[in-house]
Number of protein chains: 2
Amino acid sequence: MCGSFLARVVKRLIMATVTIRDVAREAGVSTATVSYVLNNSGRVSEQTRQRVLEAARRLGYRANITARNLQARETRLLGYTWRPTPPDQFNPVLDQFLNAIAQAAAHHDYRVLTFPSETIEEELATYEDMVLSSRVDGFILSNTNLDDPRVRKLSQKGFPFVAFGRANPEWDFPWVDIDGRWGVRKAVEHLIERGHERIACLAWPEDSLTGAYRLQGYVEAMKLAGLPVDAAWIARTENKHDDAYETTRRLLELPAARRPTAIMASSDLMAMGAMNAAHDMGVEVGRELALVGFDDAPVARYLRPPLSSLRQPIAEVGERLIVMLVDLCQGRPVSQQHVLLKPQLIIRASSDFRF
Amino acid sequence: MCGSFLARVVKRLIMATVTIRDVAREAGVSTATVSYVLNNSGRVSEQTRQRVLEAARRLGYRANITARNLQARETRLLGYTWRPTPPDQFNPVLDQFLNAIAQAAAHHDYRVLTFPSETIEEELATYEDMVLSSRVDGFILSNTNLDDPRVRKLSQKGFPFVAFGRANPEWDFPWVDIDGRWGVRKAVEHLIERGHERIACLAWPEDSLTGAYRLQGYVEAMKLAGLPVDAAWIARTENKHDDAYETTRRLLELPAARRPTAIMASSDLMAMGAMNAAHDMGVEVGRELALVGFDDAPVARYLRPPLSSLRQPIAEVGERLIVMLVDLCQGRPVSQQHVLLKPQLIIRASSDFRF
DNA sequence: TAGTCGCGGTTAAACGTTTAAGTCCGCGCC
DNA sequence: GGCGCGGACTTAAACGTTTAACCGCGACTA
């Protein structure tokens, strides 16, 4: 804490912070009375109540949050971290999500503290640190997966947290997630309804739970419609443009009888890869090939052709998460531990044509 | 603070938080000694030093941050807010910027507190609130402009803050900015070097300072090269895809002798609008029309053709801002009040051809 | 031998709140 | 008139740190 002495002196001089004691003196009462009035608890006569309120107003008094928090053994802070997006990818919902949780938190008088972590180990270490030093009252996780070490650790410690995303079904912890399975099923049904029968799915690697749900939706829709699924149509790749590009090339090089006429991509980024592959092979998306993405990234509507996609109700996700987390932090029972929200299919030119 | 009593009891039971007193008892010394050891200030014999360290380790002790902050009259928190991006736009650098500042802050043992604000009034009110209640030690502003009320208010209050972006030249406050003027000049020189003479500029409305600098770079480059500038080539629009689209259409409808063969757009979003307009008019970007954007959004490389753009050194901006702000918060003199960083021209197919 | 000094610790106050417990006073009741 | 009671306010402890001030003691100096 070197050098903090000078800083403190300076702060003292510059910022004449007014404390509860100043208000008490000004109103001619004790600090306790001031506190009671300001938290309108306790029995205070209307007359002194007004006197205190007036004094507080006159001095421009606001209770010091740190002091209040110390005494209340809380911080009114919620921690959120995410892995930085690699330069060749984009995170279409971070902006919205951060806004949603921060806004919802503010309604309950909480704030959101963001901290970076390059690796999962670093993230776990930071959790540990923040819990031990009482930096935050709870955490918001996102992008959870099977066997997620963060979920495991936090539930084992019994520290309040909520997750955007699911994990092992047998683990009981509060989460909100998008029903990707339902969404993809609806999207594929939309493709089938438009006349497609050979539909491929750009899926994520096997270790991705979110990817598994989305793929499941695809399989279900095909099965429900009685359409056969060629093994080659289920193409697993990383969530990368270039991988999706290559994979799509291979799909479009299949013999005519097996070649898909529609592709369901697990993300907009992958859909862009597919779009570019099709373009480079002279296949016109929106006429010869239908394409649907996932996320409804802001760019989706500006692509050529505009990309159909599944829009996630991010604002509601954030809102729900915060309500759960705040309940948890304040020791109230959480009404609904598991919430599954439906995405919305946005149909644009990339898939809006009869085949 | 209703209902907090139960929460506190529960917390007490669940989380057996270990305090400095526990460590003192365990090591058989006073709390002062523990504190001196842990902050390695003060003179403590090596022997007790070890005993204290050992005790702290054994109990898993971490100092409670709230208590420490209360005593130090600081919060170790830096506030950052941004206006939510409208759904039809995207914020290409938020992700990076947030990461950069949070990471840099962490190096100095600070954390970043994010809070939303829909309007500028709301933002100002929140600043006021946070200052009065000592919620944060300083603020990071972004997207500043001429007569920026936030800059005005905070510097008048004398509260520590730094800004990503400039404001009125006569105002003296610490900022870091990207030299958009230099960047655009380089980009336009690149276009000229490729053989273009009729170059248009998609500029922002007159009230945008950032837009003014970028436009200035364009004008300079043209002047330096001795090229005349047709008034129609300076096309001001909002930072919107659709506006840029319409404007580009009009540019391309100009008579052949006045029609631009290259367009410098003030953002990637506008460049996409231009790209789509050209495409719809049958003009091939990357062969008949050159195009350069600004920001180097993650999608830029995946567009057809890949979009040339000016990449901002966001990580460095964040790093510099935090160093300045931390100095400010700790009462140290700020070494360099104004920092102007150069963007990097990323040349891709949209402009990489001889005309 | 007395005074001084430095070492290695402790004591206690302070940071700004909240809140349980206590005090004082006037009033009504038996 | 004594007692209990409730209203209105105060006292003081507590939250968990940091740190200025103090203290005892042995060694060194004059």
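Predicted model only: the values in this text are computed from it and were never measured.

### A closer look at the pattern of salt bridges
Two side chains with opposite charge may pair up if their charged atoms get near one another. All names here are of chain A. Across all of its chains, the model carries 54 salt bridges over all chains by this definition. Among the salt bridges present, the one from K153 reaches E128, with a minimum N-O distance of 2.7 Å. Here the residue K153 occupies a position in helix α8 (residues 149-157), and E128 occupies one in helix α7 (residues 120-132), the gap between them amounting to 25 residues. Classification of K153 by relative accessible area gives partly exposed; the value is 22%. In this structure, the salt-bridge partner of R332 is D327, at a minimum N-O distance of 2.9 Å. Note on D327: relative accessible area 12%, which makes it buried. Linked by salt bridges that have partners in common, R181, R185, K186, E189 and E220 make up one network.

### Looking at the domain arrangement of chain A
Residues and elements named next belong to chain A. One can read the domain layout of chain A as domain 1 (2-63), domain 2 (77-178 + 314-341) and domain 3 (180-312). With 11 residues of domain 2 at the contact, the number on the domain 3 side is 14 residues. On inspection of domain 2 and its partner domain 3, the count reaches four residue pairs in polar contact (both at pLDDT 80 or more). The residue makeup of the side of domain 2 that touches domain 3, split by class, is seven nonpolar, two polar and two charged.

### Observations concerning the sheet that holds strand β9 (residues 290-295) of chain B
Across a sheet, strands are paired by hydrogen bonds formed along the backbone, either parallel or antiparallel in direction. All names here are of chain B. Taken together, six strands build an open sheet; the order of strands is β7-β6-β8-β9-β10-β12 and the sheet is mixed. Of all the strands in the sheet, the pair left with one neighbour each is β7 (234-236) and β12 (344-346). Shown here is a sheet whose adjacent strand axes are inclined to one another by a mean of 20°, direction ignored. By the bridge criterion, three bridges tie strand β8 (residues 262-265) to β9 in an arrangement that is parallel. Note that in β9 the partner of M264 across the bridge is V292. Contacting β6 (199-203), β7 and β8, helix α11 (residues 241-252) crosses the sheet at an angle of about 155° to β6.

### Remarks on the protein's contact with DNA strand C
Near DNA strand C there are 27 residues, and of these A:I20, B:T33, B:R43, B:S45 and B:T48 occur at the shortest range. Atoms of DNA strand C within 4 Å of the protein belong to the sugar or the phosphate in 58% of instances, the rest to bases. Note that a base oxygen of DNA strand C is positioned 2.5 Å from one of the side-chain N or O atoms of B:R43. Measuring from a phosphate oxygen of DNA strand C, one finds a side-chain N or O atom of B:S45 at 2.5 Å. The set of elements that each furnish at least two residues to the surface near DNA strand C consists of α2 (20-27), α3 (31-38) and α5 (65-72) of chain A together with α3 (31-38) and α5 (65-72) of chain B. For the surface near DNA strand C, the per-class residue count stands at 11 nonpolar, 10 polar and six charged.

### Details of the environment of B:Q336
All names here are of chain B. By the secondary structure assignment, Q336 is in the loop between α13 (314-329) and β11 (338-341). In this structure the C-alpha to C-alpha distance between Q336 and M324, which are 12 residues apart in sequence, comes to 7.9 Å. Setting aside residues no more than four positions away along its own chain, Q336 makes contact with R320 and M324.

### Focus: the sheet that holds strand β1 (residues 77-80) of chain A
Judged by pairing direction, the sheet is mixed, and its 12 strands sit side by side in the order β11(A)-β5(A)-β4(A)-β3(A)-β1(A)-β2(A)-β2(B)-β1(B)-β3(B)-β4(B)-β5(B)-β11(B) without closing on themselves. Of all strands in the sheet, those with a lone pairing partner are β11 (338-341) of chain A together with β11 of chain B, marking the two edges. Along the sheet, successive strands turn relative to each other by an average axial angle of 20°, direction set aside. Where strand β1 (residues 77-80) of chain B lies against strand β3 (residues 138-142) of chain B, three bridges are found, and the strand directions are parallel. Each residue of the ladder has a partner; that of B:L78, found in β3(B), is B:G138. Each of β1, β3 (138-142), β4 (161-164), β5 (175-178) and β11 of chain A is contacted by helix α13 (residues 314-329) of chain A, which is oriented at about 165° to β4(A), the strand it contacts most. Here α13(B) sits on the sheet in contact with β1, β3, β4 (161-164), β5 (175-178) and β11 of chain B, set at roughly 165° to β4(B).

### Section: the protein's contact with DNA strand D
The immediate surroundings of DNA strand D are formed by 27 residues, with A:T33, A:R43, A:S45, A:R73 and B:I20 found nearest. At the protein interface, 58% of the atoms of DNA strand D within 4 Å belong to sugar or phosphate. Here the residues of the surface near DNA strand D are counted per class, giving 11 nonpolar, 10 polar and six charged.

Scoring rules and cut-offs
Residues numbered from 1 in each chain as written. Chains lettered and ligands numbered in written order. Predicted model: local features only at pLDDT ≥ 70, side-chain atom pairs only at ≥ 80, totals over all residues. Heavy atoms only, no water. Salt bridge = Lys/Arg side-chain N within 4 Å of Asp/Glu carboxyl O. Helix = DSSP H or I, 4+ residues; strand = E, 2+ residues; numbered from the N terminus. Buried < 20%, exposed > 50% of the residue type's maximum accessible area, 1.4 Å probe, protein only. Domains from an automatic or database assignment. Contact = heavy atoms within 4.5 Å. Polar contact = N/O pair within 3.5 Å; in protein donor to acceptor, adjacent residues only side chain to side chain. Nonpolar A, V, L, I, M, F, W, Y, C, P; charged D, E, K, R; others polar. Pairing = 2+ DSSP bridges. Axes fitted to C-alpha atoms, helices over the stretch in contact; angles between N-to-C directions. Near = heavy atom within 4 Å.

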